[in-house]
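# Geometric and topological summary
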Amino acid sequence: MDTTSLTHLTEQLRAITDPVDRTRAAADLIDALNHAQKEIKTIRAEAVADLRPGRSMREVGEMIGVSTGRVDQILKGK
């Protein structure tokens, strides 16, 4: 996954010279990232749920490189 867009956004944010404008832009970006994080967690939980049928949580964990407990947490949206 390419995260260059996030790096570009933070560089743009740092380039804002006016502190008030930079503060407001940072707040807007934080809000957008918080919303995106919720969406990403949902997408991840759905993907893990797609792996679940016919597999144990241990097997799913091995497939994605996490512990059985973490698989359970992901499925619960944590």
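Presented here is an overview of the structure given in this document. (Residues numbered from 1 in each chain as written. Predicted model: local features only at pLDDT ≥ 70, side-chain atom pairs only at ≥ 80, totals over all residues. Heavy atoms only, no water.)

## Some remarks on the overall build of the protein
Worth spelling out the cut-off: Here a strand is any run of E in DSSP of at least two residues, a helix any run of H or I of at least four, and the numbering for each starts at the N terminus. As defined in this context, the radius of gyration uses C-alpha atoms, and a globule is described by 2.2 Å times the residue total to the power 0.38. We call a residue buried when its accessible area falls under 20% of the maximum for its residue type, exposed when it is over 50%, and partly exposed in between, using a 1.4 Å probe and counting protein chains only. When checking whether two residues touch, look at their non-hydrogen atoms; a contact exists if any pair is within 4.5 Å. Accessibility throughout is a Shrake-Rupley quantity obtained with a 1.4 Å probe, and a residue counts as covered only by protein chains that appear here.
A count of helical and extended segments in the protein gives four helices and zero strands. Counting from the amino terminus, the protein carries its helices and strands in the arrangement α-α-α-α. Here the C-alpha atoms of the protein give a radius of gyration of 18 Å, more than 25% beyond the 12 Å that 2.2 N^0.38 yields for 78 residues. Overall, the protein is about 55 × 20 × 15 Å in size when its C-alpha atoms are taken along their principal axes. Going through the 78 residues of the protein one by one, you find that 10% of them count as buried. Contacts spanning at least 24 positions in sequence make up 29% of the contacts within the protein whose residues lie at least 6 apart. Entry remark: accessible area of the protein is about 6,100 Å², with carbon and sulfur atoms responsible for 55%.

## Re a nonpolar patch on the surface
Rule in force here: Patch construction takes residues with relative accessible area above 30% that form no salt bridge. Like charges are linked within 9 Å, and nonpolar side chains (Val, Leu, Ile, Met, Phe, Trp, Tyr) are linked within 5 Å. Just to be clear on terms, a salt bridge is a Lys or Arg side-chain nitrogen sitting within 4 Å of an Asp or Glu carboxyl oxygen.
Taken together, the side chains of Leu6, Leu9 and Leu33 define a hydrophobic patch exposed on the protein surface, amounting to about 230 Å² of accessible area. In this structure leucine 33 comes out as partly exposed when scored by relative accessible area, which is 38%.

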